[in-house]
Amino acid sequence: MDYRKKFVVEPGKKVHLNKIDPLYTGKHESHAQAMPKIQEHLENMDKMQYLLYADGGQSLLVVLQALDAAGKDGVVRHLFSGMNPQGTSVFGFKQPSKEEAAHDFLWRAHQHAPGKGELVIFNRSHYEDVLVVRVHKLVEKGVWSKRYDLINDFEKMLSSNGTRILKFFLHISPDEQLSRFKQRLDDPARNWKISDADYSERELWPEYTQAYEDALELTSTPYAPWYVIPANHKWFRNLAISEIVADTMSEMGLKLPPAHVDMEDIRSKYHAAEEKQAGKKSGKIDVESKKNKKSKSKA
Ligand code: AMP
Ligand code: MG
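Calculation rules
- Residues numbered from 1 in each chain as written.
- Chains lettered and ligands numbered in written order.
- Predicted model: local features only at pLDDT ≥ 70, side-chain atom pairs only at ≥ 80, totals over all residues.
- Heavy atoms only, no water.
- Axes fitted to C-alpha atoms, helices over the stretch in contact; angles between N-to-C directions.
- Helix = DSSP H or I, 4+ residues; strand = E, 2+ residues; numbered from the N terminus.
- Parallel < 35°, antiparallel > 145°, perpendicular 65-115°, else oblique.
- Left-handed = near helix turned anticlockwise from the far one by under 90°.
- Contact = heavy atoms within 4.5 Å.
- Nonpolar A, V, L, I, M, F, W, Y, C, P; charged D, E, K, R; others polar.
- Pairing = 2+ DSSP bridges.
- Near = heavy atom within 4 Å.
- Polar contact = N/O pair within 3.5 Å; in protein donor to acceptor, adjacent residues only side chain to side chain.
- Areas by Shrake-Rupley, 256 points an atom, 1.4 Å probe, with all protein chains shown as cover.
- Domains from an automatic or database assignment.
- Buried < 20%, exposed > 50% of the residue type's maximum accessible area, 1.4 Å probe, protein only.
- Patch = residues over 30% accessible without salt bridge, like charges linked within 9 Å, V, L, I, M, F, W, Y side chains within 5 Å.
- Salt bridge = Lys/Arg side-chain N within 4 Å of Asp/Glu carboxyl O.

A look at the packing of helix H8 (residues 147-160) against helix H11 (residues 205-219)
- Where H8 contacts H11, the two axes come as close as 10 Å, and the packing angle between them is 45 degrees. What the angle tells us is that H8 and H11 run oblique. Every pair of crossing elements has a handedness; the one defined by H8 and H11 is right-handed. Every residue of H11 that contacts H8 at Tyr148, Ile151, Asn152 and Glu155 is listed here: Asp214, Ala215, Leu218 and Thr219.
- Looking at the contact of H8 with H11, its residues break down into four nonpolar, two polar and two charged.

Here it is as structure tokens:
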């Protein structure tokens, strides 16, 4: 199954989230059954991230957006379980600091965007500025409504500078969210994740849905597509996202760069070093065996 085709938001096409089933798992029936595929994608990602880093000419930006408890943190953990920490990082977008708020809304996104060879995950992103900011009327409509075009221009600029951009909206149902809130309540290891805002934001589900539908429609582009991922089943969410990331990376033409030294020259240096080392070793053995003989004769 090509999940990129299945879940992509066609540029400019109206999105109706209530028509997308958050329980979808396709032909897969269980986590156990999907496991070999998931494993395969993680292994491919690991190989390609090594190439991305070595190649050093391109970068990858993965944007995660969703309502509370939809699994953004889980996706970060999942994707990174298959990658080397070197060359990868995650940036979480919280309420803007004083310094961030003093700049334009794309300033912090730009600062944390991946450099060449890097893979960066945005856990929330510059999209908060057309989501929470819109829903809570933190700026006027005249301000946020202009941001969709600004975001598209920004992402186009990143893309033309060698950054592949993949954006995922994790789609869960209100009852799944509530059951995850219950887990947070019942499991002491999850208590720390609870915030008052979880419940007040939940009350604004219809407003968030509207804001998400507009953002998905207006900012899904060929150079920075949005994917709506059915996310009630965590394992399916992980399967779909790891497949889309792996498929995308495999099309980036990543390859090992040629050596930047004269290989013949280095080979002869290696052999010289090898001979020297062997000489040292045999010298050491001579000394050791003399020592041994001495101590034996003493005994
Ligand atoms: P969490 O992801 O649960 O750690 O929460 C981060 C919080 O910061 C969420 O409630 C976001 O909506 C909020 N946040 C992120 N970016 C912005 C922004 N630009 N303006 C206002 N709130 C934001
Ligand atoms: Mg939260």
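Still more to cover.
Here we look at the sheet that holds strand S3 (residues 119-123)
- Reading across from one edge, S2-S3-S1-S4-S5 is the order of the five strands in this open sheet, with parallel pairing throughout. A single partner strand is all that each edge strand has here, and the edge strands are strand S2 (88-92) and strand S5 (226-230). Averaged over all pairs of adjacent strands, the angle between strand axes in this sheet comes to 20 degrees, irrespective of strand direction.
- Alignment of strand S4 (residues 163-171) against S5, held across five bridges, turns out to be parallel. By the bridge assignment for S5, His171 is matched with Pro230.
- Strand contacts of H8: strand S1 (59-66) and S4, with the helix running at about 135 degrees to S4, the strand carrying the most contacts.
- Set on the sheet, helix H12 (residues 234-250) makes contact with S1, S3, S4 and S5; between it and S4 the angle comes to about 165 degrees.

Remarks on the site of ligand 1
- The environment of ligand 1 is formed by Phe93, Lys94, Gln95, Pro96, Arg108, Arg124, Glu128, Asp129, Val132, Val133 and Leu138.
- Note that an oxygen atom of ligand 1 is positioned 3.3 Å from one of the backbone N or O atoms of Gln95.
- With respect to ligand 1, the side chain of Asp129 contributes an N or O atom lying 3.4 Å from a nitrogen atom.
- Contact with the protein chains covers 74% of the free accessible surface of ligand 1, which is 500 Å².

Observations concerning the domain arrangement of the protein chain
- Assigned domains within the protein chain: domain 1 (3-250) and domain 2 (263-299).
- Each of domain 1 and domain 2 was reduced to a C-alpha centroid, and the two centroids are 57 Å apart.

What to know about the side chain of His41
- With respect to the element layout, His41 can be found in helix H2 (residues 31-55).
- Residue His41 is classed as buried on the basis of its relative accessible area, which comes to 5%.
- At a separation of 3.0 Å, a polar atom in the side chain of His41 contacts the side chain of Glu243.
- The residues contacting His41, other than those within four sequence positions of it, are Leu239, Ser242, Glu243 and Ala246.

A few points about the pairing of S1
- For S1, a buried count of eight out of eight residues is recorded, marking the element as mostly surrounded by other parts of the structure.
- By the alternation rule, side chains of S1 split into Ser59, Leu61, Val63 and Gln65 and Leu60, Val62, Leu64 and Ala66, which are all buried.
- As paired elements, S1 and S4 share eight bridges and run parallel to each other. In the sheet register, Ala66 faces S4, and the bridge partner there is Leu170.
- As judged from the five bridges shared by S1 and S3, these two strands associate in the parallel manner. Counterpart to Leu60 in the pairing with S3 is Leu119.

Description of the environment of Gln95
- Note that Gln95 resides in the loop between S2 and helix H4 (98-101).
- With relative accessibility at 76%, the residue Gln95 sits in the exposed group.
- In this structure, the C-alpha to C-alpha distance between Gln95 and Ser159, residues 64 residues apart in sequence, is 26 Å.
- When sequence neighbours within four positions are dropped, the list of residues in contact with Gln95 reads Glu100 and Arg108.

Regarding a nonpolar patch on the surface
- Together, Leu178, Leu185, Ile194 and Tyr199 line one region of the surface with nonpolar side chains, adding up to about 360 Å² of accessible area.
- Note on placement: Leu178 falls in helix H9 (residues 174-186).
- By relative accessible area, Leu178 is classed as partly exposed at 43%.

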